[in-house]
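The primary structure of each chain is shown beneath.
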Amino acid sequence: MSRKALLLVHTNAASPEQEAEFNTWYERVHIPQLLERIPGIVRATRYVASPDRPPLPERYLALYEIEADDPAGVVKAINTAAAAGGIDFTPALDTSSPPVMALYEALPAD
């Protein structure tokens, strides 16, 4: 039975000078590849930290909507594809530390 989940991924550009390149890659390459190559990801939306609130160390948030029998398996598939070179990356992505990722599964309806 398919379950709904949200995958939250916090990232940064490698530098302020690479911000435009980072955003272009994320919107035109990364998200389309994940939607096409990873079964279970049905939608992705990106957010940027509001200047009115002190942000986390990561400035950007991508929210991936997942519908799959095994949402955690979708996250494993992303990591496996990334490690195997099945997803293109850019030097404009800050890789000084791994992205902060969290998976939230929908509560069952009563």
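Criteria and cut-off values
Residues numbered from 1 in each chain as written. Predicted model: local features only at pLDDT ≥ 70, side-chain atom pairs only at ≥ 80, totals over all residues. Heavy atoms only, no water. Helix = DSSP H or I, 4+ residues; strand = E, 2+ residues; numbered from the N terminus. Rg over C-alpha atoms; globule rule 2.2 N^0.38 Å. Contact = heavy atoms within 4.5 Å. Lys, Arg positive; Asp, Glu negative; His and termini not counted. Charge placed at Lys NZ, Arg CZ, Asp CG, Glu CD. Pairing = 2+ DSSP bridges. Salt bridge = Lys/Arg side-chain N within 4 Å of Asp/Glu carboxyl O. Buried < 20%, exposed > 50% of the residue type's maximum accessible area, 1.4 Å probe, protein only.

Peer 1: Could you give me a rundown of the overall build of the protein, with the residues and numbers involved?
Peer 2: If you tally the helices and strands in the protein, you get 2 helices and 4 strands. When its helices and strands are written in sequence order, the protein yields β-α-β-β-α-β. Computed over the C-alpha atoms, the radius of gyration of the protein is 14 Å, within 12% of the 13 Å expected from 2.2 N^0.38 for a compact globule of 110 residues. Nonlocal contacts in the protein, meaning residues at least 24 apart in sequence, comprise 75% of its contacts between residues at least 6 apart. Side-chain charges of the protein comprise 9 positive and 15 negative groups, with the mean position of each set lying 3 Å from the other.

Peer 1: Any details on the pairing of strand β1 (residues 3-11)? Residues and values, ideally.
Peer 2: In terms of strand pairing, β1 meets strand β3 (residues 60-68) through 9 bridges, oriented antiparallel. Residue pairing across strands places Leu8 opposite Leu63, the latter belonging to β3. Examined bridge by bridge, β1 and strand β4 (residues 100-105) share 6 bridges and lie antiparallel to one another. From the neighbouring strand, Leu6 faces β4, where its bridge partner is Tyr104.

Peer 1: Hey, could you go over the pattern of salt bridges for me, with residue numbers and the actual values?
Peer 2: All chains considered together, the criterion is met by 4 salt bridges. We note a salt bridge from Glu19 to Arg59, for which the minimum N-O separation is 2.6 Å. Of this pair, Glu19 sits in helix α1 (residues 19-37) while Arg59 sits in the loop between β2 (41-48) and β3; the two residues are 40 residues apart in sequence, bridging distant segments of the chain. Judged by its relative accessible area of 18%, Glu19 falls in the buried class. Ionic pairing is found between Glu27 and Arg46, a salt bridge with its closest N-O pair at 3.4 Å. Of this pair, Glu27 sits in helix α1 while Arg46 sits in strand β2; the two residues are 19 residues apart in sequence, bridging distant segments of the chain. Since its relative accessible area comes to 43%, Glu27 is described here as partly exposed.

Such coordinate-based values are descriptive only and should not be taken to indicate function.
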